[in-house]
Amino acid sequence: MTVRVRFAPSPTGMLHVGNVRTALITWLFARKNAGHYLLRIDDTDTERSKKEYEDAIRESLTWLGLNWDEEAWQSKRLDRYAVVIEDLKRAGRLYACYETPDELNLKRKALLSQGLPPIYDRAALNLTAEQKAAYESQGRKPHWRFKLNLEPIIWNDLVRGSVEFDGADLSDPVLIREDGTPLYHLCSVIDDIDFKITHVVRGEDHVTNTALHIQMFKAMNATPPQFAHLPLLSDPEGGKLSKRLGSMSIIDLRDQEGLEPMAIPSLLARLGTSDPIEAYSSYQPLIDHFDFSKFSRGTPKFDTDELERLNARIIHTLPFAMVKDRLAVMGLSELDENFWNAVRANLERVRDITTWWQVAKGPITPIIDDADFTQTAVTHMPPEPWNESTWGEWTNAVKNATGRKGKDLFMPLRKALTGMDHGPELNTLLPLIGAEKAKKRLSQLAA
Ligand code: GLU
């Protein structure tokens, strides 16, 4: 059996950490099993669906390196849905209802006030042809509900284990709106059948939907696929994801935050699993170790600091070839591999490199704590050419001449040379600054 999965976003908003996690985990499962990954655009809500969101979804997935094998749009399949709707009506599994939203609300409130679950009472099933005609003559249009079988619904969830519902505890879901447009449940199940989906992976907010869908698959003479429901992410305090990086769109994490794409899957693929979270520069190890059995049912906590740490760790080993073009866009096309390798360990974001480029190329404002000391240092500068051992030779000579050591020796030199009290190792930075600029800076000259 070939694994066939789908990621089915509604183009009514941007992809965030939460929904992209579903995309990622579905993708890892597909790639692990040499399966087929469908990107299904759930765009039947024509009022809220927007082309710009659809484009942003595709752009987000592409940036993250999550490729897909096929693409489908629900809005292009309305004819197909219409055929299935007729079949279900003929089979008596879809029935017309005429209640207004206010009437339904009243019924719900009445049940709740009696301490009863707000299950739809199926009053519409008892309407006579005359009553229906009367509603229609008042201008009411029916919405259509799926008639559930009042029987147990059981499935073995790949994450949650055995899950059990009873049709008697659920309301018959509305599948067709008053204006005749089909709703998510109907389109989704028809698509899952037609695209031969073998595994449905989605958030646990869909667990009850799955109970409904299983009966719908059966009503359409199809075998339900397998299901995996992922617990939804929370913030570190267990609340809704709302903090900074957690609530930003993937596009903003790229453009505003300047994150590395692999930082995101490095965290999201392993969160809530028994595998350790590490910084990965490629997907292969994540694919190789993927298994639904490693996912726990607990709520995984999304920690922004952890994302920051993974991002930095990825940059610290990022090869120059991977950033060359981005540096050029930042106006740093002169920045070469040597420079990149010298400073990358100090970066939390690639864009921070502009600071160190400025320090190396100047001009900077030197910080001089003790002019006599820095002048003495000038007189002990080794001759060019400079390399990685120059800093060691030089500071040794200055140490012998002045008797200073440790921080007293290094810090005034760092502040004079860079205008800052922290930064990349000076043995790598010093040759990048060069003797001419170093001499000027130690002599309090802007350079
Ligand atoms: N469009 C639905 C959503 O975004 C898809 C859910 C599903 O995977 O079936 O929630």
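None of these values were measured; they are calculated from a predicted model.

## Section: the site of the ligand
- By nearness alone, every residue bordering the ligand is listed as R6, A8, S10, D42, Y184, S188, R202 and H206.
- Within the side chain of S10, one N or O atom sits 3.0 Å away from a nitrogen atom of the ligand.
- Within the side chain of R202, a nitrogen or oxygen atom sits 2.7 Å from an oxygen atom of the ligand.
- Starting from 300 Å² of accessible surface for the ligand in isolation, the protein chains cover 78%.

## Remarks on empty space enclosed by the protein
- Under the counting rule described, the total for this entry stands at 1 cavity of 30 Å³ or more.
- Of the volumes computed, that of the largest cavity is approximately 70 Å³.

## A short note on the pairing of strand β3 (residues 70–73)
- Across 4 bridges, strand β2 (residues 36–41) lies against β3 in parallel orientation. When the bridges of β3 are listed, I41 appears paired with W73.
- Considered for its hand, the β-α-β crossover made up of β2, helix α2 (residues 51–64) and β3 is right-handed.

## Details of the nonpolar core
- Formed by 88 residues in total, the largest nonpolar core has its most connected members in Y283, F292, W340 and W394.
- Setting aside chain neighbours within four positions, we find W340 in contact with I315, L318, P319, F320, V323, L327, L335, L347, V350 and I353.
- The next biggest cluster of nonpolar side chains, apart from the first, holds 42 residues, and it includes I190, I197, A211 and L212.

## Things to note about the layout of surface pockets
- One number sums up the size of the largest pocket: a volume of about 1,000 Å³.
- Around the largest pocket sit 39 residues that line it, and A8, S10, N19, D205 and H206 are the ones nearest its centre.
- Taken together, the elements giving at least two residues each to the lining of the largest pocket come down to β1 (4–7), α1 (17–32), β9 (199–203) and α8 (244–247).
- Residue contributions to the lining of the largest pocket peak at 5 residues, all from α1.
- Its residues assigned to classes, the lining of the largest pocket shows 14 nonpolar, 15 polar and 10 charged.

## Regarding the sheet that holds strand β4 (residues 94–97)
- The antiparallel open sheet is built from 3 strands, whose spatial order is β4-β5-β8. In this open sheet, the two strands that pair with only one neighbour each are β4 and β8 (174–176). With direction set aside, neighbouring strand axes in the sheet form an average angle of 45°.
- Relative to β8, strand β5 (residues 143–146) runs antiparallel, the two being bridged by 2 bridges. Bridge pairing links R145 to V174 in β8.

## Focus on the pattern of salt bridges
- Evaluation of the coordinates by the stated rule reveals 31 salt bridges.
- Between R6 and D192 there is a salt bridge, and its shortest N-O distance comes to 2.8 Å. Here the residue R6 occupies a position in strand β1, and D192 occupies one in helix α6 (residues 184–194), the gap between them amounting to 186 residues.
- You can call R6 buried: its relative accessible area is 4%.
- Since its relative accessible area comes to 3%, D192 is described here as buried.
- In this structure, K107 and D121 form a salt bridge, with 3.1 Å as the shortest nitrogen-oxygen distance. Taken as a pair, K107 in helix α4 (residues 101–113) and D121 in the loop between α4 and α5 (129–137) lie far apart in primary sequence, 14 residues in all.
- Owing to a relative accessible area of 25%, K107 belongs among the partly exposed residues under this scheme.
- Taken together, the shared-partner salt bridges connect R6, R40, D42, R77, R80, D191, D192 and D194 into one network.

## Focus: the packing of aromatic side chains
- Considering all chains together, one arrives at 13 aromatic pairs under this definition.
- Between W155 and F165 the ring centres are 5.9 Å apart and the planes differ by 0°, which places this aromatic pair in the stacked class. Placement of the pair is W155 in strand β6 (residues 152–157) and F165 in strand β7 (residues 161–166), with a sequence separation of 10 residues. Taken individually, W155 and F165 each receive the classification buried, so the pair is uniform in this respect.
- Between the aromatic rings of W391 and W394, the centroid separation amounts to 5.9 Å while the plane-to-plane angle is 75°, which identifies the pairing as edge-to-face. In this pair, W391 and W394 are both assigned in helix α17 (residues 390–402), 3 residues apart and thus about one turn of the helix distant. In this structure, W391 and W394 share a single accessibility class: buried.
- Through a chain of ring-to-ring contacts, three or more aromatic side chains come together here, namely F29, F290, F292 and F295.

## As for the sheet that holds β3
- Pairing is parallel in the open sheet, where 3 strands are placed in the order β1-β2-β3. The open sheet terminates on both sides in strands that have one partner only, identified here as β1 and β3. Pairs of neighbouring strands in the sheet enclose a mean axial angle of 30°, with direction left out of account.
- With 4 bridges joining them, β1 and β2 adopt parallel strand pairing. Within β2, the residue paired with V5 across the bridge is Y37.
- Packed on one face of the sheet, α1 meets β1 and β2 and runs near 165° to β1.
- Relative to β2, α6 is tilted by about 155°, and along the sheet it contacts β1 and β2.

## Topic: the packing of helix α15 (residues 353–361) against helix α19 (residues 426–433)
- α19 packs onto α15 with a crossing angle of 55° between their chain directions and a minimal axis gap of 8 Å. The angle between α15 and α19 falls in the class oblique. Facing V359, A360 and K361 of α15, the residues of α19 in contact are L429, L432 and I433.
- Its residues assigned to classes, the contact of α15 with α19 shows 5 nonpolar, no polar and 1 charged.

Reading the values: rules and limits
Residues numbered from 1 in each chain as written. Predicted model: local features only at pLDDT ≥ 70, side-chain atom pairs only at ≥ 80, totals over all residues. Heavy atoms only, no water. Near = heavy atom within 4 Å. Polar contact = N/O pair within 3.5 Å; in protein donor to acceptor, adjacent residues only side chain to side chain. Areas by Shrake-Rupley, 256 points an atom, 1.4 Å probe, with all protein chains shown as cover. 1 Å grid on protein atoms, 1.4 Å probe; cavity = no way out; pocket = protein on both sides within 12 Å on 5 of 7 lines; lining within 4 Å. Points joined across faces, edges and corners; volume = space filled by probe spheres on them. Pairing = 2+ DSSP bridges. Helix = DSSP H or I, 4+ residues; strand = E, 2+ residues; numbered from the N terminus. Right-handed = clockwise from strand over helix to strand, strands pointing away. Core = buried A, V, L, I, M, F, W, Y, C linked by side-chain atoms within 4.5 Å. Buried < 20%, exposed > 50% of the residue type's maximum accessible area, 1.4 Å probe, protein only. Contact = heavy atoms within 4.5 Å. Nonpolar A, V, L, I, M, F, W, Y, C, P; charged D, E, K, R; others polar. Axes fitted to C-alpha atoms, helices over the stretch in contact; angles between N-to-C directions. Salt bridge = Lys/Arg side-chain N within 4 Å of Asp/Glu carboxyl O. Phe/Tyr/Trp six-rings, centres within 6.5 Å; stacked < 30°, edge-to-face > 60°. Parallel < 35°, antiparallel > 145°, perpendicular 65-115°, else oblique.

Remember, this is a structural readout, not a statement about activity or role.
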